Amino acid sequence: MKAGAATRRTLLTLVIPTLAACAQLPRAELPADAELRTGRLAMSVQDQPSQSFSAAFELRGQPEAGRLTLLNPLGGTLAVLQWQPGRAELATPGQPPRQFVALGAMVEHATGAPIPVAALFDWLDGKATAVPGWEVDLSQVSEGRLRAVRRQPLPGADLRVVLDD
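Residue positions within a chain follow its written sequence, with the count starting from 1. The predicted nature of this model means local features are confined to residues of pLDDT at least 70 and side-chain atom pairs, given and counted, to a pLDDT of 80 or more, with totals for whole chains, interfaces and linings taken over all residues. Note that the side-chain values use all heavy atoms of the structure and ignore hydrogens as well as water.

Caption draft 1: View of empty space enclosed by the protein. Only protein atoms enter the calculation, which uses a 1 Å grid: trapped sets of points that fit a 1.4 Å probe without letting it out are cavities, open sets showing protein on both sides within 12 Å along at least five of seven lines are pockets, and any residue with an atom within 4 Å of a point is a lining residue. Grid points are joined across faces, edges and corners, and a volume is the space filled by probe spheres set on the points. The final tally for this structure, using the stated rule, is 1 cavity of 30 Å³ or more. In this model, the largest cavity occupies a volume close to 270 Å³. What lines the largest cavity is a set of 20 residues, and nearest its centre among them are Leu 41, Leu 68, Val 107, Ile 115 and Leu 120. Per the convention used, a helix needs a DSSP run of H or I reaching at least four residues, while a strand needs a run of E reaching at least two, with both numbered from the N terminus. Put simply, the parts of the chain that give the lining of the largest cavity at least two residues each are strand 1 (36-46), strand 2 (51-61), strand 3 (66-71), strand 4 (77-84), helix 2 (103-111), helix 3 (117-124) and strand 9 (156-163).

Caption draft 2: Here's a closer look at helix 3. In terms of residue burial, helix 3 counts as a mostly covered element, since 6 of its 8 residues are buried. Those residues of helix 3 lying buried are Val 117, Ala 119, Leu 120, Phe 121, Trp 123 and Leu 124. Gly 126 lies just past helix 3 and shows a positive phi near 85°. Burial status follows relative accessibility: with a 1.4 Å probe on protein chains alone, a residue under 20% of its type maximum counts as buried, one over 50% as exposed, and anything between as partly exposed.

Caption draft 3: Here's a closer look at unusual backbone geometry. A cis amide bond links Gln 152 with the next residue in sequence, Pro 153, at an omega value of -10°. Structurally, Pro 153 is set in the loop between strand 8 (145-150) and strand 9. In this structure, the amide linkage connecting Leu 154 to the following residue, Pro 155, adopts the cis form with an omega of 5°. Looking at the element boundaries, Pro 155 is found in the loop between strand 8 and strand 9.

Caption draft 4: Broad picture of the packing of aromatic side chains. Working definition: rings of Phe, Tyr and Trp (its six-membered ring) pair if their centres are within 6.5 Å, and the pair is stacked with planes under 30 degrees apart, edge-to-face with planes over 60 apart, and tilted otherwise. A full pass over the atoms with the stated rule returns 1 aromatic pair. Consider the rings of Trp 123 and Trp 134, whose centres lie 6.1 Å apart with planes at 50°: the pair is tilted. Taken together, the positions of Trp 123 in helix 3 and Trp 134 in strand 7 (residues 134-137) put the pair 11 residues apart, joining distant regions of the chain. Judged by relative accessible area, which is 0%, Trp 123 ranks as buried.

Caption draft 5: Summary view of the pattern of salt bridges. Any carboxyl oxygen of Asp or Glu that lies within 4 Å of a side-chain nitrogen of Lys or Arg is treated as forming a salt bridge with it. According to the stated counting rule, one finds 6 salt bridges in the structure shown. As a salt-bridge pair, Arg 87 and Glu 89 come within 3.2 Å of each other at their nearest N and O atoms. Accessibility expressed as a relative area gives 16% for Glu 89, which makes it buried. Close ionic contact of Arg 160 with Asp 158 constitutes a salt bridge, the shortest N to O distance being 3.5 Å.

Caption draft 6: Region of interest: the sheet that holds strand 8. Paired strands, as defined in this entry, are two strands with at least two bridges between them according to DSSP. Reading across from one edge, 6-5-4-3-2-1-9-8-7 is the order of the 9 strands in this open sheet, with antiparallel pairing throughout. Of all strands in the sheet, those with a lone pairing partner are strand 6 (98-100) and strand 7, marking the two edges. Averaged over all pairs of adjacent strands, the angle between their axes in this sheet comes to 20°, without regard to strand direction. In the sheet, strand 1 pairs with strand 9 via 8 bridges, with the strands oriented antiparallel. Looking at the pairing, Gly 39 lines up with Leu 163 of strand 9. Fitted lines through C-alpha atoms give the axes, limited to the stretch in contact for helices. The angle between two N-to-C directions lies from 0 to 180 degrees.

Put into structure tokens, the structure is as follows:
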């Protein structure tokens, strides 16, 4: 009987965090005219040790105020990044929301490397906004694909985005 209780405890310690990770986080409201972009993104950061991630996403808003929701393959929320002037918040299932003074600090914390968010919005619109240290390839943006590589400063990063139709 003790073995059965131990097995149940082990299963609960595995199942509860998994269910929590699939929970949907509350969404802050943005203006109704805020454009919604969906797709997939992948990012790798070359540091010690190398790290990478990929996720589906929903992006709504503008560089000044918006929300980026990262989703797992089953559609469960992995993280919600929300920002407005002077405030940014990172929410992950099962964790209290984490506050940041600026969008850049939050994005760097979430991804491991700074991403030029204002330029990213431009890149998604096909505008080749230059950012020191970054090289952007917009040759396939009309097909909903872009790639941006950060060369300097280290660590290097490789960001790929594929938009849904």
